[in-house]
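Given next are the chains, with one letter for each unit.
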Amino acid sequence: MHQRKIKPIIGISIGDINGIGVEVTMKALLDNRTYKSFTPLIYAHGKALTFYRKQLGMDDFNFSQIRSIDEVQHKRINVINVTEECPEVIPGVETQEAGKFALEALKMAVDDLKEGKIQALVTAPLNKNNVNSEELPFVGHTEFITEAVGSKESLMLMCAEQLRVGLVTGHVPLAKVAENVTQERIIQKAKILLKTLEKDFGINKPKIAILGLNPHAGEDGLLGEEEEQIIKPAIHALKDQNKMVFGPYPADGFFGMAHQTKFDGVLAMYHDQGLVPFKSMAFSTGVNFTAGLPVVRTSPDHGTAYNIAGKNVADEGSMRAAIFLAADIIQQHNPQESDD
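Given the structure is predicted, the values throughout are model-derived calculations rather than measurements.

Caption draft 1: Structural context of the nonpolar core. In this structure, Ile 42 and Ile 186 are the most contacted members of the largest nonpolar core, which totals 96 residues. No fewer than three residues from each of domain 1 (1-151 + 293-339) and domain 2 (154-285) sit in this core. Residues in contact with Ile 186, not counting those within four places in the same chain, are Val 168, Val 181, Ile 210, Ile 230, Ile 231, Ala 234, Leu 267 and Met 269. Ala 160, Leu 163, Leu 167 and Ala 209 belong to the second largest nonpolar core, which has 17 residues in total.

Encoded structure:
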């Protein structure tokens, strides 16, 4: 007899409650597809959501307050309190209390993710400045989660429908990018990208483009030596392993001529080289996916946006896309599970 599968639980760490995270989460979860393939669990505090429900006039947003993950209700939006008391909610204001709260939400959600209590995690935006401390230097969600799950490497992969852009270097100062672009790292990141395209996106024999570092991809050494000494040897090494990798391409011409449409993924050398064109094309629907981990983690591609917090003007498109991409990847991993 066929046994009905229990829907996967997607956890959402609420991020900075004084930014737009709560608003875009609530708006995204009002999508009528929410309960068809997964159950949402928000790591926050009921008082924060109640504040924004009143502030934004979202009377149709209802949730179940639970004390433990064992109490999850599968046809409801669930909220679990990460602290006894909710910090004061002050839309648009950076506070230390909100930073500590964001970190507690993230820690609890990651613990449940590691233990398999939730099947994916979507992280709402936080402010690195009020989370970071001497006791816990916080570079970003990607690095924190990678370390927390015991992985040595991961890949920041920006996704929007058929557009997927990964980074060789992530949150690294521009002055230090060149020293971090090594043959070993390019090969490592390219392999993570190729594997995730197969495993998480279901693409058979994926093909990726690798960008150069310098203007005009170095112009045969005239404008920089990294392409000749580091990037091309890395590409040749990957080709020798029968990987479908191509490049290096000058970044401006590559995106200017829409060459990204000819590939399943693009590997950029540094943050802005990949994210400026990506966000220009897909800001309202872009998703940040952390590839190469044993767990599923996504996030919207924007920050806390204090300037519009609490004003009911935040676009939830990216948050909705992040939640549904997480659901799609879970489905890709477990295709036998139905939406019943």
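From this point, the narrative continues.
Caption draft 2: Inspection of the pattern of salt bridges at higher detail. Using the criterion set out here, one finds 8 salt bridges in the structure. Here Arg 67 and Glu 71 are joined by a salt bridge, their closest N and O atoms 3.4 Å apart. Judged by relative accessible area, Arg 67 falls into the exposed class, the value being 73%. Overall, the relative accessible area of 31% leaves Glu 71 in the partly exposed class. In this structure, the salt-bridge partner of Lys 117 is Glu 115, at a minimum N-O distance of 3.2 Å. If you follow the salt bridges from partner to partner, you end up with Asp 31, Arg 33, Glu 316 and Arg 320 in one network.

Caption draft 3: Quick look at the environment of Thr 39. Following the sequence through the fold, Thr 39 ends up in strand S2 (residues 39-44). When the C-alpha positions of Thr 39 and Lys 75 are compared, they lie 6.7 Å apart, and in sequence the two are 36 residues distant. In this structure Thr 39 touches Lys 7, Pro 8, Ile 9, Ile 10, Val 72, Gln 73, His 74, Arg 76 and Asn 78, once residues within four positions along its chain are discounted. In terms of polar contacts, Thr 39 uses its side chain to reach the side chain of His 74, at 2.8 Å.

Caption draft 4: Broad picture of the environment of Ala 102. Relative to the helices and strands, Ala 102 is located in helix H4 (residues 96-114). What makes Ala 102 buried here is its relative accessible area of 1%. Sequence-wise, Ala 102 and Ala 44 are 58 residues apart; in three dimensions their C-alpha atoms are separated by 8.1 Å.

Caption draft 5: Here's a closer look at the environment of Ser 318. Relative to the helices and strands, Ser 318 is located in helix H12 (residues 317-333). Sequence separation of Ser 318 and Pro 300 is 18 residues, and the distance between their C-alpha atoms is 4.9 Å. Polar contacts involving the side chain of Ser 318 include one to the main-chain carbonyl oxygen of Gly 286, which spans 2.5 Å.

Caption draft 6: Structural view of the layout of surface pockets. Its boundaries defined by the atoms lining it, the largest pocket holds a volume of some 530 Å³. Elements that contribute at least two residues to the lining of the largest pocket include exactly strand S6 (155-160), strand S7 (163-167), helix H11 (271-282) and H12. Ranked by residues supplied to the lining of the largest pocket, first place goes to H12 with 7 residues. Looking at the lining of the largest pocket, its residues break down into 11 nonpolar, 5 polar and 6 charged. Taken together, domain 1 (1-151 + 293-339) and domain 2 (154-285) each give at least three residues to the lining of the largest pocket, which thus spans both. Of the voids in this model, the second largest pocket is the one considered here, and its volume is about 390 Å³. At the level of secondary structure, the elements contributing two or more residues to the lining of the second largest pocket comprise helix H6 (141-148), S6, H11 and strand S12 (297-300). Shared between two domains, the lining of the second largest pocket holds at least three residues of each, these being domain 1 (1-151 + 293-339) and domain 2 (154-285).

Definitions and cut-offs
Residue positions are given per chain, counting from 1 as you read along its sequence in written order. Note on the predicted model: pLDDT of at least 70 is required for a residue's local features to be given, and 80 or more for side-chain atom pairs to be given and counted; whole-chain, interface and lining totals, by contrast, use all residues. Processing note: side-chain calculations cover all non-hydrogen atoms of the structure and skip hydrogens and water entirely. What makes a nonpolar core is a set of buried Ala, Val, Leu, Ile, Met, Phe, Trp, Tyr and Cys residues whose side-chain atoms join them at distances within 4.5 Å. Burial classes follow relative accessibility: with a 1.4 Å probe on protein chains only, a residue under 20% of its type's maximum area counts as buried, one over 50% as exposed, and anything between as partly exposed. Here the limits of each domain have been adopted from an automatic or database domain assignment. Residue contacts follow a heavy-atom distance rule, with two residues in contact if any of their heavy atoms lie within 4.5 Å. The term salt bridge refers to a pairing of a side-chain nitrogen on Lys or Arg with a carboxyl oxygen on Asp or Glu at a separation within 4 Å. Secondary structure elements follow DSSP: runs of H or I of four or more residues count as helices, runs of E of two or more count as strands, with numbering from the N terminus. A 3.5 Å cut-off defines polar contacts: any pair of N or O atoms within that distance qualifies, except that in protein one atom must be a possible hydrogen donor and the other a possible acceptor, and neighbouring residues in sequence count only when both atoms are side-chain atoms. Whether a set of points on the 1 Å grid over the protein atoms alone is a cavity depends on a 1.4 Å probe fitting there but being unable to get out, while an open set qualifies as a pocket with protein on both sides within 12 Å along at least five of seven lines; lining residues are those with an atom within 4 Å of a point. Grid points are joined across faces, edges and corners, and a volume is the space filled by probe spheres set on the points. The residue classification treats Ala, Val, Leu, Ile, Met, Phe, Trp, Tyr, Cys and Pro as nonpolar and Asp, Glu, Lys and Arg as charged. All others, Gly included, are polar.

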